Each structure stands twice: as C-alpha cells, then as structure tokens.
Amino acid sequence: MSEAPFKNPGWAGNVGEYDLTEEQVRGLDFVGIPPLEGTHPASVAAYPYMLEEKDPEAHLFEGPYETRFEKILTRYPTRQAALLPVLNLAQEVRGHVSPETMDRVAELLELSAAYVRGVATFYTMYNKRPVGRHLVQVCTNISCNLCGAEEVLEAFLEHAGAEIGETTADGAFTVIEAECLAGCGFPTCVQINSRYYENVTVEEVPRILEHLETSRGSALEDGIDGARPTAERGES
Amino acid sequence: MVTLTIDGTEIEVPASTTILQAAQGIGTEVPHYCYHPGLSSPAMCRLCLVEVEGGPKLLPSCTTEVAAGQVVHTQSESALGMRRGVLEFYLANHPLDCPICDQSGECDLQDYVFEGGREHGRSREAKRVFGRDDFGGDVLFHGDRCVMCTRCVRFMTEVEQKPLLTVVDRGNRSVIDTFFEEGLQQAEWAGNVVDICPVGALVSKDFLHKARAWDLEHTESICPNCSQGCNVDLHTRDNLVHRMKPRTNPEVNGYWICDYGRSRYEWLNRGERLDAPVVRIEGRNDAMGWTTALTTLQERLQERASGRVRALVSPFWSNEDLSAVIRLVDALGGGEVLYRSPRAEEEVPLAGVAGLARRRDLAPNVRGAELLGCTRVGDDEGRGGLEALTDHEGVVLVLGDTLDEEDEGFAPNAELVIYIGAYGSTALSTADFQLPITTFAEQEGTFTNHAGRVQRFWPALAGPGAARPAWLVIGALSGALEEQEGPSGAGEAFQVVTEMVEAYRGLTYDAIGSQGASSEAPVPVAGD
Amino acid sequence: MGYPYSHEKEVPILSKHFGDPQARTLKGWKSRGGYEALEKALAMSPEEVVEVVKASGLRGRGGAGFPTGLKWSFMPKDRSRPHYLLCNADESEPGTFKDRELLRWVPHLLIEGCLIGAYAMGAEHVYIYCRGEFFEANQVLAKAVDDAYEAGIAGEDVLGSGHKIEITVHAGAGAYICGEETGLMNSLEGRRGEPRIKPPFPAAVGAFGMPTTINNVETLCAIPPIVANGGEWYRQWGTEKSPGTKLFCVSGHVRRPGNYELPLGFPLKDLIYDVCGGIVEDRALKAVIPGGSSVPLLSAEEVEDCTLDYEGVVEAGSMLGCASVIVMDETTDIVHQVMRMAAFYAHESCGQCTPCREGTAWVTTILKRIEDGRGTEEDLDVLVQLTDQMTGTTICVLSDSVAAPVQSSIQKFREEYLALIRRGERVGVA
C-alpha cells in the first residue's frame with residue numbers, strides 16, 4: 001500500500017474497511033495518462049482541464065488541442081451543443097474564460113459573443129478571472145457543514161493567507177466555498193483543481209497546502225498528474 | 001373548434017388557441033410579462049397562471065392550449081392569491097422609482113400591482129442594486145427595474161436574429177447585458193426592445209425624461225421615413241411629437257419599426273414654417289389671407305401666356321395632396337410632374353419577419369407618386385434633377401420640396417413660380433406665391449407604400465397659422481379655374497385620387513380603415 | 001458492498017463490486033458476469049425488454065421515483081426521428097454521493113445499462129451527462145467507454161447485433177439545476193441550463209427537439225441485473241410499491257457514513273443505529289433528512305417508525321427523494337443548517353422564474369438575519385408564507401425544495417428559531 005503524503009485523502013486505506021491504494025481508489029492506474037489529443041471521440045468531452053502551465057494568450061486551438069476540438073464537434077448534432085466542452089477546453093489552455101476567449105469560442109462555433117457570455121456566466125466552473133495555481137474549493141453544504149466544514153474553510157483561508165474568492169499575492173492559492181461536491185460520506189470534502197481531498201480536518205490543512213506547493217515543478221501538477229503513481233511524483 | 005368556459009363565459013375558439021389568447025378574445029387580459037404575440041413563449045414570468053378546474057396546479061395560460069369543456073377561472077381566489085404572491089416577489093428588489101421612471105403611466109408592473117398586488121411590501125432586507133447600463137444606440141438599461149421577462153433577449157435572437165443581448169449570471173444575480181462593451185451597435189431594430197419591455201428597465205435615451213406617458217396623445221399615423229409604410233402612433237403633447245411607436249399591422253410591420261424610422265420625427269416639430277400665404281409684389285413679400293391670395297393667383301394663372309407647367313412634388317406628401325397638384329397642372333394645360341426622393345444604398349430587413357424591411361426609398365409616398373404618373377429625377381441624396389425647372393419660362397410649381405441646394409431666386413426666367421410648402425425655402429423665398437400647407441402629421445390623408453398598399457393617417461398636430469392641407473387649397477384653386485367646388489373633405493379628396501389611378505378603383509376611406517388596404521398595383525420586382 | 005463500510009444486512013446488487021478495482025477493467029468486468037445481460041437483451045425484442053423493466057417495478061432513483069418501465073414506454077415507436085437516452089450523472093443534491101461511486105467503481109455496469117436502455121427505446125445515441133466536478137470519476141468512465149468501443153460493445157455494431165448505439169461522455173460545468181431533466185437537456189444543447197416547461201414532455205420533444213428519455217445513473221445501473229434475472233426477481237426485495245434495493249447515502253453525525261445498498265422499506269432507525277453504528281459519541285438524535293436537502297426534516301420521534309420506501313417516508317412526514325440520509329444530532333444548529341440549505345438554493349437558482357429567483361435569496365437573507373439575532377416572530381410567518389408562494393408556481397421544483405426544509409424546521413423546531421429571536425441564543429454548535 002503506497003504511503004500517502006498526508007493522512008485521509010479519502011481513500012479507503014485510511015477510512016473504512018477496504019485495503020486499497022490511492023491509485024486503486026481514484027482509478028489512476030486504470031486511467032493512466034491520456035494523450036492531450038484525447039482518445040476516442042466518445043470520451044473527449046469528459047476530459048478535465050489539464051494543468052499545464054496556463055497561457056492566457058495561447059492560440060485556440062493548436063496541435064493536440066485542435067484535434068480534440070475537432071473530435072468534440074463530431075459528437076453533437078449542432079455546433080452550439082459543443083459549447084460546454086469547448087469552453088472547458090479553452091479554459092484548459094488559457095486558465096480562465098476571459099472576454100477574448102468567449103469571443104474566440106463564439107467565432108469558432110458560429111455563435112454570437114453575447115450568447116457565449118450568457119452561457120459561460122451561468123456555470124460556476126468557468127473561471128471568469130484568473131485563479132491561483134491551486135483552486136481550493138471547500139464544500140460547506142449541509143453534510144460537510146455538520147462535520148466542521150466551516151472551520152476547515154477558515155483554516156484554508158488562514159494558512160493560505162487568502163481572502164475568500166481572492167488569489168494570494170504569490171499566485172498560489174484561490175480559496176472559495178463550494179456547494180455539495182458529492183463526497184458527503186467523507187466530510188469535509190475539498191476539491192483542489194481536479195482532485196478531491198476527502199475527510200479533510202482542520203489539522204491537515206497546513207500540510208495539504210504545503211504538499212500542493214512542493215509538488216510543483218513536475219510537468220503536470222495535479223489532477224491528471226495524479227494519474228502518475230505516487231512514487232513517480234518524487235514525493236517522500 | 002373547442003368550447004370552453006372562462007370566468008363563466010362560454011366561448012368557442014380554434015383548437016390550438018392558448019387560454020390567454022382565448023381570454024383576450026372575450027376582453028379579459030390575463031396579466032403577463034414574458035408572453036408576446038411576436039415572440040416565443042417560455043412561460044417563465046409565472047404571472048399568467050390561471051385556475052383550471054380539475055387540475056392539481058395552476059397552469060400558465062400563455063402556453064396551455066384550450067381543451068374541450070375546460071372551465072377556467074382567471075379571477076378565482078387561488079389565481080388572485082397566486083398573482084399577489086408572485087407580484088410580491090417582483091417587488092422584492094424593485095427600486096420603486098416611479099417618480100423618475102419614464103415607464104410610469106404605461107407600466108405593467110404599476111398596473112398589475114395596483115390591481116392585484118399587496119398594499120405594503122414585507123421585505124426588510126437591503127435591495128440588490130445593478131444600476132444603469134448604456135447599451136448603445138438609443139437604449140438605456142436599468143437593471144434594478146428589470147423583471148427578467150427576457151422579451152428583449154428573445155426579440156434580438158428570434159426577430160432581429162442578432163443575438164446581442166443575453167442574460168448574464170444566474171439566480172438573483174442574473175441581469176440582462178450585451179457582450180461587455182459591444183452594446184447594440186450592430187442592431188438596426190433594437191429600439192423595439194424599449195417598446196416591448198413591460199417596465200422601465202429598457203428606456204429610450206431620446207425620450208428620457210421628456211414627457212409623462214399620461215400627458216401624451218396617441219394618433220394613428222404612418223411612419224414617413226421610408227416606403228415600407230410601417231403603421232405607427234405619433235405621441236404628442238403641446239403640439240409637438242415626442243416619440244413614434246409602432247402600431248400593430250400584421251400585413252405591413254407586425255409589431256415593429258426600425259431605428260432609422262423611429263428616430264426621425266423631429267422634422268415634424270421643426271420651427272421654420274410658412275404660416276401665411278405670401279404674394280411677391282414688386283420685389284416685396286406680402287402676407288395676406290387665403291381668399292385674396294388665391295384670387296390673385298387665379299387671376300395670374302388665367303392671364304398668363306400659355307406656357308407649360310413644370311411641377312416638382314414631394315413624396316412626403318399624401319396622395320390627396322399630390323393628386324390635387326396634378327389636377328391643377330391638367331387644368332392649366334398639362335405639363336411634367338417630377339419628384340425627388342432620398343434613397344439608401346441597401347434595404348435593412350428584419351430577418352425574423354417576412355416582408356418587413358427599412359426600404360431603400362426614404363420617403364413614404366414614392367409609390368403613390370409613381371402611380372399618379374410622377375417622374376423621378378435627382379440623385380440618391382434627393383438632390384439635383386432640377387434642370388427641367390431652372391430655366392423654364394412657363395409656370396413652375398413646387399409642392400413640399402424646399403430645394404435646399406439651390407440659391408435664392410430659383411427659376412428666374414419662369415413666368416410664374418408657385419411654392420406650395422410647409423417649410424421656408426431660401427430658393428423659393430422669391431417665388432411669386434408661397435402658400436403654406438400642412439405636413440402629413442397635421443392632416444388626414446393616405447400614403448401608398450412600396451407594395452402598393454394604401455394606408456390612412458390622421459392629424460396629430462395642428463398646423464401653424466394659416467397653413468392648410470394642400471388638397472384643400474389647391475383643390476379650391478383648381479375648382480375656381482374650372483368653376484366648380486373643390487373637395488371639402490379628405491375622403492372626397494381621396495375619391496379624386498381613385499379616379500386618377502386605376503389600381504385604386506373601389507377603395508374608400510372606410511374600406512381602408514386603420515389597417516390599410518392593398519390596391520391592384522403590381523408589386524415591384526426588386527426592392528425599391 | 002457498501003463503501004467505505006459494508007454491513008451484513010446489505011443486499012449488494014449494484015454495489016457488489018464497490019472497492020474492487022478490477023471491476024473497472026473490461027476483462028475484470030466480463031469475468032464478473034459483465035455484458036451478459038446486454039447479450040440477453042439484444043436477443044429479446046425492444047418491447048420485451050421494456051416489459052421486463054416494467055415487471056420489476058423499478059422506480060427512478062434520481063429522486064422523483066417515477067416508474068422506469070412506464071417512462072421508457074413513452075418513447076414513440078416511430079423511429080424515423082433520432083431518439084436519445086440521456087444518463088443523468090449530474091449528482092448535486094446535498095447529501096447524495098452514490099452516483100460517484102457507481103461511476104468510479106462499476107462504469108461498465110452503467111455502460112451496460114445505457115446500452116440496454118438505448119436498445120429498448122430505439123435510441124442511437126446515449127449522452128452521459130456527468131457533473132463537471134467529477135474529474136476523476138469522469139476519467140474512469142471515459143476510459144471504460146473507450147474500452148467498450150474498442151471491444152465492439154458500443155458503437156456501430158453493438159456486440160455484432162447490427163444495432164448502432166453511440167455513447168458520449170459529456171461533462172457539465174457546475175450547475176445543480178442541470179440535474180433537472182429539462183435543464184440537463186438545455187445544457188447538453190449548449191445553452192444556459194434553464195429548465196423547460198412541460199408539456200411538451202421529453203419523450204415528445206426532448207434533446208435537440210427529438211424524443212428523449214432521461215434516467216439517473218443508479219436507475220440505469222439496476223437495468224442489467226433486472227434484465228439478467230427477470231422482473232420478478234427484483235421484486236423479492238423491497239415493498240409492493242417500492243420494489244428492489246436502493247443505495248442509501250448516509251452522512252452527518254453517524255459513526256460510519258457512506259453508501260449502503262439495502263432493500264427499500266428498510267427501517268430508518270436500523271439504518272442509523274445498526275448499519276451506520278449509531279451516532280458519534282452516542283449523542284441524542286435531533287433530526288434526520290431522509291432524502292436529500294429538498295425534502296422535509298423528520299424529528300427524532302418521526303424517525304422511530306419510518307421505513308425507507310417511497311410510501312413509508314411520506315407517511316412519516318417527508319419524502320424519500322434520492323435516499324440521501326443526513327443525520328443530525330443534538331449539537332446541530334438547525335437554523336444555521338436550514339439557512340445553509342436555503343443559501344444553496346439561492347446560489348443554484350437558474351433565475352428564470354421570479355418566485356424562485358427572488359424568493360430563494362429573500363428567504364436566505366431572512367434566515368441569516370434570524371441567525372444574527374436580528375429576527376422577529378413575524379419573520380417566521382413571512383418565511384412560511386413566502387415559501388408557500390414559491391410552491392407550485394414555478395417551472396421546476398427547485399423553488400418548492402426551499403419550502404421543505406424551511407417549513408418543516410419552523411414547524412418542528414420552532415423553539416430553536418424562537419431562542420435566537422427572543423434571546424439571541426443559539427441552540428447547537430453547527
């Protein structure tokens with residue numbers, strides 16, 4: 001069983017009755033590292049935003065991203081229906097959905113820019129402003145709230161040195177409140193970028209933040225980076 | 001056909017009628033915001049909910065189709081209670097700034113709350129504030145007053161088919177906006193969102209704080225700014241036109257008018273008017289009364305050498321006026337009757353409405369002039385083409401056109417220069433006779449639109465001083481020359497028109513009514 | 001079995017392979033009997049498949065409890081227009097976390113259920129609308145779908161049957177309201193996820209204007225076992241009107257929170273005290289929400305005799321919903337939790353209908369004010385009346401969902417509100 005860098009990221013090795021590794025619980029070994037251009041078009045619209053270095057000026061869409069964009073278009077009867085996956089893809093490349101990004105996506109999908117703005121602002125996951133390297137989303141909805149979620153949120157704000165919703169000066173963390181993340185059996189559930197951190201308690205918060213910053217430097221930071229077995233990430 | 005009962009009244013309507021439409025048929029207006037007959041029905045304002053016996057919930061009457069034997073109550077306790085409840089939510093964050101809101105007096109929120117809302121608000125909470133947002137063009141948006149009916153968004157998307165408006169954000173943070181600062185610049189029909197906004201969220205910048213709705217008189221008229229002939233209402237107060245609003249006509253303009261037309265009414269209020277007949281005697285202009293002026297003119301016409309008449313008319317004047325001039329020309333031995341009209345490079349269609357466009361001819365009665373046998377001259381600015389008149393030695397007669405580009409002393413070689421116009425003209429200030437007439441807004445009459453449809457308008461303003469309709473004074477003059485009475489009413493004057501134009505045979509003012517009537521005139525092949 | 005804890009009283013049908021990493025792989029799944037049900041279904045006629053589902057009495061597991069077989073039978077038999085099957089994996093109801101487990105442990109069970117459903121309804125395209133936040137689970141599902149395509153299970157020629165069924169995994173972008181079936185369809189079409197009016201119903205005019213059926217993940221996962229074993233087999237568990245098993249998501253102040261698969265009709269008391277090991281530190285029970293935040297609270301007395309089936313919970317004074325049991329002990333600050341739930345709805349309201357758009361925010365503000373000690377007793381009457389005005393007047397039931405916790409808590413825990421109003425005293429700590 002692989003050693004976790006800190007206790008209780010929510011796999012059953014530390015909670016519950018099952019004797020499993022992190023990879024086994026998250027399915028990381030099963031998933032592997034999918035190529036940037038995606039695999040079968042059927043699954044292309046499900047990709048998370050991979051955390052390469054974000055480039056707000058990057059061209060939409062080039063190379064493997066263009067391939068993924070084309071694959072997405074084949075799955076829907078209208079170009080408009082590809083809007084959510086394409087906005088996801090654009091956010092993956094540029095880090096957030098700026099007005100320029102909305103305009104460019106509108107152009108690509110033959111929609112009006114105002115329409116794209118209307119759709120992009122409806123959904124919470126499209127960042128309208130740049131966010132820190134680690135977007136920390138703490139669930140404070142009822143099940144986690146009953147088990148101390150608000151203290152966990154306070155702990156994140158304190159230890160990251162952030163105001164809620166704002167990015168820290170060094171660009172490391174943005175801490176926000178999230179609605180139910182569907183991890184209610186593992187309170188408090190925190191989503192950081194694309195990974196769920198479950199069973200988070202106030203005590204663990206400083207170590208989580210430290211771990212996030214020290215595991216930087218690898219090509220893919222988090223989320224899909226989790227697809228690499230823990231040992232490969234060079235953690236002790 | 002389906003028979004149902006609404007508020008105790010049994011009615012029969014076609015099968016796919018909605019309950020709301022059926023109720024309108026018996027004069028019951030169910031309160032509503034998001035429904036509009038020219039747009040889709042999302043049933044989201046929740047104001048039109050009515051009780052249908054036997055159902056578990058109240059149903060939205062704007063989308064629920066009638067069913068045989070349905071028993072509907074729009075004023076039952078549950079319907080009224082629901083309405084009161086929903087209205088309370090509408091007011092929860094409303095600024096209640098009626099004293100400074102232009103919509104006051106024609107506001108659906110005011111009316112519905114007055115009729116069926118609570119007397120006092122129960123909210124003790126701070127209101128959310130959006131403030132004012134200039135959408136560009138003539139449209140100003142006040143987010144706090146908005147009831148989120150999305151009529152404006154749907155108009156731009158479905159009717160103009162330029163989706164420039166959207167709802168931004170969600171929940172009670174949602175607000176109408178454009179794509180950031182892009183605004184409504186590209187739109188040509190955006191003014192209609194101000195009309196369809198049920199509250200004062202979207203207002204006209206041109207009309208901002210100009211007049212109170214209840215002070216305005218509405219007169220049925222026709223937009224004079226192109227040859228589509230959109231039906232409008234002129235809203236006036238103190239003998240000034242303050243705005244032009246579309247009047248519904250399914251055959252011509254549906255529910256809409258374009259921004260180009262809507263914004264061009266100020267010329268009806270222009271001050272430089274001829275208000276008394278003027279006769280030029282020995283280089284001096286003398287004002288005098290009509291009788292003297294017309295008698296003098298009649299004598300001069302009868303005394304003249306029999307030179308031909310060359311006339312220039314304006315397509316901004318009615319069929320009745322134009323036909324009176326043509327009859328006069330005939331009575332004087334005949335001659336050419338010309339007209340000029342500004343003309344745009346392109347049409348500006350409204351994509352979602354077949355047959356509706358801002359036409360190339362930027363005057364209301366071009367077709368009318370053509371059908372009466374007038375010949376077009378001049379360029380697309382409505383200038384030039386006056387060669388036939390400038391050196392003419394006979395009678396020069398100008399109706400309406402102010403010859404802006406010409407200098408004083410127009411047609412110096414003419415035996416007689418007669419200007420029958422509403423506005424002062426430098427070129428014609430030296431005319432032998434200047435006869436003051438009313439604009440179309442100051443008289444009854446008809447225009448014929450590009451498709452040959454004859455449409456009536458009514459007087460919204462009082463002409464200045466001694467100004468009179470051209471058909472009246474010219475008709476009197478022709479009559480005197482032929483020793484008979486001229487027409488004494490506009491309807492009679494129109495009969496004269498129908499005698500001159502084959503395509504109008506059988507038309508009468510009654511037949512035309514306030515929605516117009518097609519004539520037999522063949523529809524032009526290309527857009528004019 | 002349950003995850004992360006299991007219990008002997010469970011009936012593991014859907015959850016049999018929770019905690020078994022091999023069940024994700026195609027090989028592993030097949031060796032566990034996977035795709036046999038699909039083969040069996042393809043050998044039946046589509047109508048026969050629908051009949052089996054009807055016979056099982058399976059009810060929609062997304063919260064509405066509508067009979068699934070009946071819903072499937074609404075799809076038009078005329079197949080000239082494309083039919084769609086949408087799988088609702090936009091799990092966002094507070095307290096619910098079963099679909100995530102199904103997606104990450106047994107994605108092939110879902111794929112199999114989707115394919116059987118698509119076959120039965122003549123749908124050529126299945127969209128699995130997954131919540132955007134489910135990155136890891138979506139990746140697992142995506143890989144499983146890739147494997148299914150590679151093995152000829154999904155795609156042009158399903159298992160050599162000559163039928164074409166495409167699957168697309170589509171990620172959402174963070175909106176609870178996209179879990180509402182018509183909101184989901186609008187979101188899939190690339191619009192704001194605002195619910196549509198019904199009628200028209202999805203089976204007539206659905207996604208892209210075509211006949212569509214939307215089913216929850218758990219519902220579709222129940223299909224392969226039902227088809228494999230027959231409708232009657234499913235009825236050996238549960239009650240007459242609520243047959244079969246259900247994944248119960250238990251959270252809150254219990255010792256062993258998690259997912260447990262139990263027969264419908266299981267006593268709520270046993271779920272809390274037996275299966276979940278009772279309340280942390282053996283504190284006293286104060287309240288239970290039996291079906292996710294959109295249903296009324298049950299007081300401790302009402303929990304006593306409550307059985308967890310659709311009818312039983314209604315009898316006890318609430319609704320089963322998605323069977324997300326949130327357990328609250330004596331340390332709970334009811335007013336705070338109700339306020340947090342109201343704030344959730346205010347945040348997630350799509351904003352179309354005025355009673356919901358204005359009402360959710362207004363109710364939240366009043367509750368915050370009461371929590372701050374600045375409330376009055378009239379506020380309680382206003383809250384009840386406002387939530388009444390928000391019930392039955394909107395396009396979807398998000399608005400009605402606010403009424404449930406607010407009204408039930410004012411009715412059953414009035415003294416907590418009054419303590420704050422009259423004395424500024426907070427009962428409970430969280």
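## Examining the sheet that holds strand 25 (residues 453-457) of chain B
All names here are of chain B.
Now for step 1: Judged by pairing direction, the sheet is antiparallel, and its three strands sit side by side in the order 24-25-26 without closing on themselves. Of all strands in the sheet, those bounded by a partner on one side alone are strand 24 (445-448) and strand 26 (517-518).
Now for step 2: Here strand 25 pairs with strand 26 via two bridges, running antiparallel. Counterpart to V454 in the pairing with strand 26 is A517.
Now for step 3: Seen against the sheet, helix 8 (residues 319-331) touches strand 24 and strand 25 and runs at an angle of roughly 90° to strand 24.

## Structural notes on unusual backbone geometry
Now for step 1: Following P187(A), the chain continues into T188(A) via a peptide bond in cis, with omega recorded as -15°.
Now for step 2: One can find T188(A) in the loop between strand 2 (173-178) and strand 3 (190-192).
Now for step 3: The omega torsion of the bond from K198(C) to P199(C) falls at 5°, within 30 degrees of zero and hence cis.
Now for step 4: By secondary structure assignment, the location of P199(C) is in the loop between helix 8 (181-188) and strand 4 (212-216).
Now for step 5: Backbone geometry at E110(A) places phi at a positive 60°, although glycine is not the residue there.
Now for step 6: The backbone of N239(B) shows a phi angle near 60°, a positive value even though the residue is not glycine.
Now for step 7: Summarising the element assignment, N239(B) is placed in the loop between strand 12 (231-237) and strand 13 (240-246).
Now for step 8: A relative accessible area of 40% means that N239(B) is categorised as partly exposed.

## Quick notes on a nonpolar patch on the surface
Now for step 1: Together, F66(C), L70(C) and F74(C) give the surface a local cluster of nonpolar side chains, amounting to about 270 Å² of exposed area.
Now for step 2: Topologically, F74(C) is positioned in the loop between helix 4 (68-73) and strand 1 (83-89).

## Observations concerning the domain arrangement of chain C
Residue and element names in this part refer to chain C.
Now for step 1: Per the domain assignment, the segments of chain C are domain 1 (21-234), domain 2 (245-329) and domain 3 (334-423).
Now for step 2: Here the C-alpha centre of domain 3 lies 35 Å away from the C-alpha centre of domain 1.
Now for step 3: In this assembly, 12 residues from domain 1 lie in contact with eight residues from domain 3.
Now for step 4: Taking both partners together, domain 1 and domain 3 bury about 850 Å²; carbon and sulfur atoms supply 69% of that area.
Now for step 5: It is Y176, I177 and P195 in domain 1 that bury the most area against domain 3; as a group they hold 53% of the surface buried on that side.
Now for step 6: Applying the counting criterion to the domain 1 and domain 3 interface returns two residue pairs in polar contact (both at pLDDT 80 or more).
Now for step 7: Residues that form the side of domain 1 that touches domain 3 fall into these classes: six nonpolar, one polar and five charged.

Quick notes on the rules
- Residues numbered from 1 in each chain as written.
- Chains lettered and ligands numbered in written order.
- Predicted model: local features only at pLDDT ≥ 70, side-chain atom pairs only at ≥ 80, totals over all residues.
- Heavy atoms only, no water.
- Pairing = 2+ DSSP bridges.
- Helix = DSSP H or I, 4+ residues; strand = E, 2+ residues; numbered from the N terminus.
- Contact = heavy atoms within 4.5 Å.
- Axes fitted to C-alpha atoms, helices over the stretch in contact; angles between N-to-C directions.
- Buried < 20%, exposed > 50% of the residue type's maximum accessible area, 1.4 Å probe, protein only.
- Patch = residues over 30% accessible without salt bridge, like charges linked within 9 Å, V, L, I, M, F, W, Y side chains within 5 Å.
- Areas by Shrake-Rupley, 256 points an atom, 1.4 Å probe, with all protein chains shown as cover.
- Salt bridge = Lys/Arg side-chain N within 4 Å of Asp/Glu carboxyl O.
- Domains from an automatic or database assignment.
- Buried area = accessible area lost by both parts, 1.4 Å probe.
- Polar contact = N/O pair within 3.5 Å; in protein donor to acceptor, adjacent residues only side chain to side chain.
- Nonpolar A, V, L, I, M, F, W, Y, C, P; charged D, E, K, R; others polar.

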